[in-house]
Each structure stands twice: as C-alpha cells, then as structure tokens.
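A structural walkthrough
Each chain, letter by letter, is given below.
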Amino acid sequence: GESVGLHLPTLSVQEGDNSIINCAYSNSASDYFIWYKQESGKGPQFIIDIRSNMDKRQGQRVTVLLNKTVKHLSLQIAATQPGDSAVYFCAENTPNYGGSQGNLIFGKGTKLSVKP
Amino acid sequence: NAGVTQTPKFRILKIGQSMTLQCTQDMNHNYMYWYRQDPGMGLKLIYYSVGAGITDKGEVPNGYNVSRSTTEDFPLRLELAAPSQTSVYFCASKAGGPYGYTFGSGTRLTVV
C-alpha cells in the first residue's frame, strides 16, 4: 500500500550547520506535501509545503525539495539552531484517500538534535 | 482566535471504561480530523468530517466513534477502552482543499 517513510530516524548536527531531513513517498498521485515540526508535548506545526507541480520552495531558513522521479522529498534547514531540535514529519496529501479532497498520510518522523 | 482546542490534555482510563475526547475550532473550518500517534510513529487518521452532519472512517477507525453536530465541534468517543488505544490523539481542521491544516495540542491517553 501507499506509505510515507523517512530514511533517517535520528539526526544529530552541530549548531550552525545545515540539516537535511529526507522522506520517501510511494504514491505518485500525491499532489501536495507538507513538512511539520513537532516539539515534545505539542501538536505538529506547519513548516513549509510544496505542490506537486513544483520542485523547490524556500522559506525562512528552510527549503523543501521535491523529486517526483524518485518520489523523494527533503527538508533543508540552514544554520541549524538549538530551537530547531524536534521531530520532523513529512506528510503527503493523497487524492481519494478518504474522500475526494484527499487526506494526509504521515511518515514516521526524524528526530533532529542540535548540539551547541 | 484560539485555533483548535482539545480537552482533556491527559487522561488515564481503565480497560472497559468509556470517554469522549473533545475538539473544538473557532476558524469556521469545514474539515475536521482525528489522528492518533503511537510512540515513535507518525500520525494515523481515525475519522474525519467534511462538514456538519457528515463523518467518515479513516485508516484506523475500529474502537472509536465520532459525531459532527456543529461546525465547531468534533468529539471522539471511545466506548470500551483497550490498552491498544493508549496513544496521543490529535485533532485538526482545515478550511478546504489540501492546504492549511491546523492541529490541536493533543490528548495523551493511557489505558491500564
């Protein structure tokens, strides 16, 4: 069946370095992708999104890259800070999964630890 | 504007007990969702609603029920709690289309 998975369950980086978190998805019909940040004891927070007709989108210190050929999504965080420590989830919106609007399917998450 | 509000934040239930997890949103969103998150895992969809009076099953609906009598509220009901329902439950809402999901802060439920 369809699945969204992450290559690295944990990632440890030095403060100031760039972080790259990867995600694989298997449903080629997915039309929208989101990265969420989840801090301990909190709900997922939106970071950045990308539609399937794009291959790159930039935000403040974050960039999402989408490679539809290999069904791969990545989140790049520039100049990683201690406040970036959290679990990061990718999610794909899959049309016709639970209704015509589609619904989100989440990956397992990657825990990012930033060392000072 | 409070966004999505979930209550309670924590709850311990005994096997066989029942409870209702409350979720309310003040953004006039049509779409509402219930997810569960098991330790070290991503969120799995339990039930969702595309508007008042309309609900539908997600990926893991067994053991749960929902209702949507108003646009604002989307309660999740556990009738006979089981240890397998120990999880963190998140409610979310969105206006429409695939964009703009807003999540609540979660309810941590333990069934013993």
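Up top is the structure.
Residues numbered from 1 in each chain as written. Chains lettered and ligands numbered in written order. Predicted model: local features only at pLDDT ≥ 70, side-chain atom pairs only at ≥ 80, totals over all residues. Heavy atoms only, no water.

1. A word on the packing of aromatic side chains
Each aromatic ring pair is characterised by the separation of its centres together with the angle its planes make. Across all of its chains, the model carries 10 aromatic pairs over all chains by this definition. Between the aromatic rings of Tyr35 of chain B and Phe103 of chain B, the centroid separation amounts to 5.9 Å while the plane-to-plane angle is 45°, which identifies the pairing as tilted. A residue pair is termed long-range when its members are at least 10 positions apart, and Tyr35 of chain B in strand 4 (residues 31–37) and Phe103 of chain B in strand 10 (residues 102–103) qualify at 68 residues. Considered together, Tyr35 of chain B and Phe103 of chain B belong to a single accessibility category, that of buried residues. These aromatic residues form a ring-pair network of at least three members: Tyr36 and Phe106 of chain A together with Tyr33, Tyr35, Tyr48, Tyr101 and Phe103 of chain B. Here Arg68 of chain B stacks its cationic end above the ring of Phe74 of chain B, 6.0 Å away from the centre of that ring. Taking NZ or CZ as reference, Lys94 of chain B lies 5.1 Å from the ring centre of Tyr31 of chain B, over its face. (Phe/Tyr/Trp six-rings, centres within 6.5 Å; stacked < 30°, edge-to-face > 60°. Helix = DSSP H or I, 4+ residues; strand = E, 2+ residues; numbered from the N terminus. Buried < 20%, exposed > 50% of the residue type's maximum accessible area, 1.4 Å probe, protein only. Lys NZ or Arg CZ within 6 Å of the ring centre and 35° of its normal.)

2. With respect to the interface of chain A and chain B
On the side of chain B, 21 residues touch chain A, which itself brings 21 residues to the contact. Roughly 1700 Å² of surface becomes buried between chain A and chain B when both sides are summed, with 56% attributable to carbon and sulfur atoms. Where chain A packs against chain B, one counts one residue pair in polar contact (both at pLDDT 80 or more). Considering only residue class, the side of chain A that touches chain B consists of eight nonpolar, 10 polar and three charged. (Contact = heavy atoms within 4.5 Å. Buried area = accessible area lost by both parts, 1.4 Å probe. Polar contact = N/O pair within 3.5 Å; in protein donor to acceptor, adjacent residues only side chain to side chain. Nonpolar A, V, L, I, M, F, W, Y, C, P; charged D, E, K, R; others polar.)

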